[in-house]
Amino acid sequence: MENILIASFDLEVGGVERSLISMLNNFNYTDYHVDVMLYSHTGDFMNQLPAQPNLLKESDSYKTFRMSIKDTFKAGYLTIGFARLLAKYKAAKNQGSEKGYKQMQYMWKYALPFLPKLDAAYDVAISYLWPHYFVAEKVEAKMKIAWIHTDFSVVETDETVDISMWMKFDYIIAVSEECKRAFINKYPILKKKVTVIENITSPDLIQALAAEKLENPMIYDNRFKIITVARLSHAKGIDNAVRALKLLKERGYNNLAWYAVGYGGDEKMIRSLISDYKLQDNFYLLGKKINPYPYMKEADLYVQPSRYEGKAVTVSEAQILAKPVLITNYSTAKSQILEGYDGMICELSVDGLADGIEELYHNLKLRKKLAHHCSRSNFNNSTRELSKLYDLIISSC
């Protein structure tokens, strides 16, 4: 029986974490022994971790990456605290809309000498969430695999630092063909390492969770209801969603209600936009929800207003619930839906979002067609996609 390690940060509510839980729930534990390494044993998805894999003991050193710098110093991890201060300083000198990516890279780079190695050795070690320094530098394994969940054509990273990390891996897994293409365009030297394994979806579980009875204001709202499930961050474009709804109101559409499920660092800014545009009675932030599916189920339209994606898990989940879907034309969009068949793609702009919603609002026939094709599609991909991973594992053993 091969020994496999799967490492990630934590199990907070998010698309990557949801896809990890789906993979672990469908894994072949008859042929493989699986250890799970979480840097922090935190998050609302912790109770969804299946019983079969062995959850390794939490490491105090790695847990600091989910703590503030101030709390890292308070906990006595002075060297890691200074490494993170240095990372923050260096990242602040760089231009760009999201300095967090580079800060994360530098944090790992400078903290690595002060982090412990894992005692055990594995046949295969999988790093599920970038940056992948832990598995690259602190784990002994015959084969190392790293996952990418985002569009690297728009993510600002220190490429020199990044490439040295990627070279430590035998395979790099992209969650879509477009995600793979974007990564290879940025790192052509890594082309031979990259393959595609899509996020694992569990239609039966999603349908069952969608039927759960909970307190849901959407049930009593008779307006045309839009839903978005996403992190409140620059990447997900919730601020553009607010601006699009403002534009639609200016066009005379007063019968719209937009609900957003999620949390994140942009919440204060988004709430300020909602207030400035006087949309308190039209745009609702529902916060973090462990089970977002009853909210999806009540919606007339699912909208993904993202600026970039690898492959949005929530879009596939909305399709599983037979919802008409509208997504922005981020670079990997065409690997997410078949335009005009099981979803629509609009221009990646405020005007594009407003135009797409306006079209679908008026065109009930089109909404029914999209929903019908989703309802007839087979989204259960666990056997097919995990077989690809097993084939890679077998090649190393």
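Residues numbered from 1 in each chain as written. Predicted model: local features only at pLDDT ≥ 70, side-chain atom pairs only at ≥ 80, totals over all residues. Heavy atoms only, no water.

Caption draft 1: Up close: the overall build of the chain. A count of helices and strands for the chain gives 16 helices and 13 strands. Relative to the globule expectation of 21 Å for 397 residues, the C-alpha radius of gyration of the chain, 21 Å, shows essentially globular dimensions. Based on the C-alpha atoms only, the size of the chain along its principal axes is roughly 60 × 45 × 40 Å. Put simply, the chain has 397 residues, and 56% of those count as buried. Total accessible area on the chain stands at roughly 17200 Å², and carbon and sulfur atoms take up 49% of it. Of the charged side chains in the chain, 50 are positive and 47 negative, and the gap between their average positions amounts to 3 Å. (Helix = DSSP H or I, 4+ residues; strand = E, 2+ residues; numbered from the N terminus. Rg over C-alpha atoms; globule rule 2.2 N^0.38 Å. Buried < 20%, exposed > 50% of the residue type's maximum accessible area, 1.4 Å probe, protein only. Areas by Shrake-Rupley, 256 points an atom, 1.4 Å probe, with all protein chains shown as cover. Lys, Arg positive; Asp, Glu negative; His and termini not counted. Charge placed at Lys NZ, Arg CZ, Asp CG, Glu CD.)

Caption draft 2: Looking closely at helix H5 (residues 100-111). Over its twelve residues, H5 extends 16 Å from the first C-alpha to the last, a length consistent with the 16 Å expected when each residue adds 1.5 Å. Within H5, burial applies to Tyr101, Lys102, Gln105, Tyr106, Met107, Trp108, Tyr110 and Ala111. Residues of H5 that are buried sit in contact with helix H2 (60-63), helix H4 (78-92), helix H6 (133-138) and helix H7 (159-166). (Expected span 1.5 Å × (residues − 1). Contact = heavy atoms within 4.5 Å.)

Caption draft 3: Highlighting the pattern of salt bridges. According to the stated counting rule, one finds 20 salt bridges in the structure shown. Salt-bridge contacts for Asp239 lead to Arg243; the nearest nitrogen and oxygen are separated by 2.8 Å. With Asp239 and Arg243 both in helix H10 (residues 238-250) and four residues apart, the pair spans about one turn of that helix. By relative accessible area, Asp239 is classed as buried at 7%. (Salt bridge = Lys/Arg side-chain N within 4 Å of Asp/Glu carboxyl O.)

Caption draft 4: Inspection of empty space enclosed by the protein at higher detail. Taken as a whole and judged by the stated rule, the model has one cavity of 30 Å³ or more. Every residue lining the largest cavity is listed: Ser19, Met23, Tyr128, Trp147, Ile197, Glu198, Asn199, Ile200 and Leu386. Residue composition of the lining of the largest cavity, by class: six nonpolar, two polar and one charged. (1 Å grid on protein atoms, 1.4 Å probe; cavity = no way out; pocket = protein on both sides within 12 Å on 5 of 7 lines; lining within 4 Å. Points joined across faces, edges and corners; volume = space filled by probe spheres on them. Nonpolar A, V, L, I, M, F, W, Y, C, P; charged D, E, K, R; others polar.)

Caption draft 5: The arrangement of the side chain of Asn381 in detail. Tracing the chain through its elements places Asn381 in the loop between helix H15 (364-376) and helix H16 (382-396). At 2.9 Å, the side chain of Asn381 and the backbone oxygen of Asn199 are in polar contact. The residues contacting Asn381, other than those within four sequence positions of it, are Glu198, Asn199, Ile200 and Thr201. (Polar contact = N/O pair within 3.5 Å; in protein donor to acceptor, adjacent residues only side chain to side chain.)

Caption draft 6: Inspection of unusual backbone geometry at higher detail. Note that the residue after Trp130, namely Pro131, is joined by a cis bond; omega there is -5 degrees. In this structure, Pro131 sits in the loop between strand E4 (121-127) and H6. Of note in this structure, Ala322 is not a glycine but carries a positive phi near 60 degrees. Position of Ala322 relative to the elements: it lies in the loop between helix H13 (313-320) and strand E12 (325-328). With relative accessibility at 25%, the residue Ala322 sits in the partly exposed group.

Caption draft 7: Quick peek at the pairing of strand E8 (residues 224-229). Counting buried residues along E8, six of its six residues qualify, which places the element largely inside the surrounding structure. Residues of E8 alternate between two faces, with Phe224, Ile226 and Thr228 on one and Lys225, Ile227 and Val229 on the opposite face, all of them buried. Summarising the sheet, E8 and strand E9 (residues 256-261) pair through six bridges and their orientation is parallel. Bridged to Lys225 within E9 is Ala257. (Pairing = 2+ DSSP bridges.)

Caption draft 8: Focus on the environment of Ser127. With respect to the secondary-structure elements, Ser127 resides in strand E4. Taking the C-alpha atoms as reference, Ser127 lies 10.0 Å from Ile173; in sequence the two are 46 residues apart. Here Ser127 is in contact with Ala7, His132, Val135, Ile145, Ala146, Trp147 and Phe169, once residues within four sequence places are set aside.

Caption draft 9: A look at the layout of surface pockets. Considering only enclosed or pocket space, the largest pocket measures out at about 1500 Å³ in volume. Of all the elements in the fold, those that place two or more residues in the lining of the largest pocket are helix H1 (15-25), H5, strand E5 (140-148) and H13. Per element, the largest residue contribution to the lining of the largest pocket is five residues, and it comes from H1. Here the lining of the largest pocket is composed, by residue class, of 22 nonpolar, 15 polar and twelve charged. Estimated volume of the second largest pocket: approximately 350 Å³. The wall of the second largest pocket is formed by 20 residues, among which Glu198, Lys311, Ser316, Gln319 and Phe379 lie closest to the centre. The biggest single contributor to the lining of the second largest pocket is H13, with three residues. Residues that form the lining of the second largest pocket fall into these classes: six nonpolar, nine polar and five charged.

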